[in-house]
Amino acid sequence: MIIKTADFICSNTQISKLPPAEKPEYAFIGRSNVGKSSLINMLTAKKGLAKTSQTPGKTQLINHFLVNDNWYLVDLPGYGYARISKSKKEDWDKFIRNYLTKRESLQCVMVLIDSRLEPQKIDVEFCNKLGEWGLPFVLVFTKADKQSNTKTDQNIAKFKKALLATFEEVPDCFITSSENGIGRDEVLNFIDGVNAT
Ligand code: GTP
Ligand code: MG
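Structure report, in brief.

Basis of the calculations
Residues numbered from 1 in each chain as written. Chains lettered and ligands numbered in written order. Predicted model: local features only at pLDDT ≥ 70, side-chain atom pairs only at ≥ 80, totals over all residues. Helix = DSSP H or I, 4+ residues; strand = E, 2+ residues; numbered from the N terminus. Rg over C-alpha atoms; globule rule 2.2 N^0.38 Å. Buried ≥ 20, exposed ≤ 12 C-beta atoms within 10 Å, placed from the backbone. Contact = placed C-beta atoms within 7 Å. Expected span 1.5 Å × (residues − 1). Arc of directions from axis to C-beta. Pairing = 2+ DSSP bridges. Axes fitted to C-alpha atoms, helices over the stretch in contact; angles between N-to-C directions. Near = placed C-beta within 6 Å. Core = buried A, V, L, I, M, F, W, Y, C linked by C-beta atoms within 7 Å.

### What about the overall build of the protein chain?
And then number 1: Tallying secondary structure elements over the protein chain gives 5 helices and 7 strands in all.
And then number 2: For the protein chain, the N- to C-terminal ordering of α and β elements is β-β-α-β-β-α-β-α-β-α-β-α.
And then number 3: Computed over C-alpha atoms, the radius of gyration of the protein chain comes to 16 Å, within 12% of the 16 Å expected from 2.2 N^0.38 for 197 residues, which places it in the range of a compact globule.
And then number 4: Viewed in the frame of its principal axes, the protein chain has a C-alpha envelope of about 40 × 40 × 35 Å.
And then number 5: Taken across its 197 residues, the protein chain has 34% of its residues classed as buried.
And then number 6: Of all intrachain contacts in the protein chain linking residues separated by at least 6 positions in sequence, the fraction that spans at least 24 positions is 73%.

Printed below as a string of structure tokens:
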């Protein structure tokens, strides 16, 4: 897929204020600092489109980016960020859950996983929750530039195994790096394919 345009549309916490649910959209979620916003910038080839930071907790709202006037990329706050207040964390959990379970135009949840790490309980639990909600999702392993391909493959194999404790089959997996663009074509082709159905 060729990206001709990618534009920031709005930031929200209330689903009543989101853009009309008339175009397909793809939500990017995962632990704080896993690289959601960086991946959105890499996919759109637009540095600075989504705000990134070395400090976890940067993205705090539901951010809609319209691509090719045709579909949305949605940047979400991360989960598992320890250094926010309990009430703020509960707010985030609530509006993210509301968004994920009520957004009719949501085609697929892109769950980002740090490829450097062994399976983390919080990620596996989040996938299980998506399964309970009946939401389609794929796994996007991030920061693949940071270690050897062997290490990445080992961590992915372990993650798949952890999911097989609850799922009959594992979802599609993508290996990405926002540093060097690995996985860009694969993720965009996947989205293109879903948009076409
Ligand atoms: P929150 O919005 O805080 O939840 O974080 P996020 O998941 O949006 O992460 P963000 O894109 O802001 O990236 C966090 C840090 O990781 C930044 O310092 C990025 O430069 C770095 N980073 C993200 N993706 C990659 C990658 O593929 N490779 C490398 N080497 N660094 C990355
Ligand atoms: Mg972010």
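### Concerning helix α5 (residues 184–196)
And then number 1: In a regular helix each residue adds 1.5 Å, so 13 residues correspond to 18 Å; α5 covers 18 Å between its end C-alpha atoms and thus fits that length.
And then number 2: Along α5, the positions that sit buried rather than exposed are Arg184, Val187 and Ile191. All buried residues of α5 fall inside an arc of 80 degrees around its axis, so they share one side. The exposed set on the far side of α5, more than 90 degrees from its buried face, consists of Asp185, Asn189, Gly193 and Ala196.
And then number 3: For α5, the secondary structure elements touched by its buried residues are β2 (25–30), α1 (36–44), β6 (137–142) and β7 (173–175).

### Structural notes on the pairing of β2
And then number 1: Among the 6 residues in β2, 6 count as buried, and that is most of the element.
And then number 2: On β2, burial covers both faces: Glu25, Ala27 and Ile29 on one face and Tyr26, Phe28 and Gly30 on the other are all buried.
And then number 3: Judged from the 4 bridges that link them, β2 and strand β4 (residues 71–75) form a sheet pairing that is parallel. Within the sheet, the bridge partner assigned to Tyr26 lies in β4 and is Leu73.
And then number 4: Across 6 bridges, the pairing between β2 and strand β5 (residues 106–114) is parallel. Residue pairing in the sheet places Ile29 in a bridge with Val111 of β5.

### Quick look at the sheet that holds β6
And then number 1: Spatially, β1-β3-β4-β2-β5-β6-β7 is the arrangement adopted by the 7 strands of the open sheet, whose pairing is mixed. Among the strands making up the open sheet, the edge pair consists of β1 (6–12) and β7. The mean inter-strand angle of the sheet, taken between neighbouring strand axes irrespective of direction, is 25 degrees.
And then number 2: Here β1 runs beside strand β3 (residues 62–67); their pairing, made up of 6 bridges, is antiparallel. Paired with Cys10 across the two strands is His64, which belongs to β3.
And then number 3: Relative to the sheet, helix α3 (residues 121–133) contacts β5 and β6, its axis offset from that of β5 by approximately 165 degrees.

### A word on the site of ligand 1
And then number 1: Surrounding ligand 1, one finds 23 residues, the nearest of these being Gly35, Ser38, Thr52, Thr59 and Gly78.
And then number 2: Sorting elements by how many residues they give to the shell around ligand 1 places α1 first, with 3 residues.

### Concerning the nonpolar core
And then number 1: Judged by nonpolar contacts, the single largest core of 37 residues is most densely connected at Ala27, Phe28, Leu73, Val111, Leu112 and Val140.
And then number 2: At 5 residues, β5 tops the list of elements feeding residues into this core.
And then number 3: Excluding residues that lie within four positions of it along the chain, Val111 makes contacts with Ile29, Gly30, Phe126, Cys127, Phe137, Leu139 and Val140.

### Notes on the environment of Asn12
And then number 1: Mapping Asn12 onto the fold places it in strand β1.
And then number 2: When the C-alpha positions of Asn12 and Ala45 are compared, they lie 24 Å apart, and in sequence the two are 33 residues distant.
And then number 3: When near neighbours in sequence (up to four residues on either side) are disregarded, Asn12 contacts Lys17, Leu18, Leu61 and Ile62.

### A short note on helix α2 (residues 86–102)
And then number 1: For α2, built from 17 residues, the straight-helix expectation of 24 Å at 1.5 Å per residue is met to within 8% by its first-to-last C-alpha distance of 24 Å.
And then number 2: Buried positions along α2 lie against β2, β3, β5 and α3.

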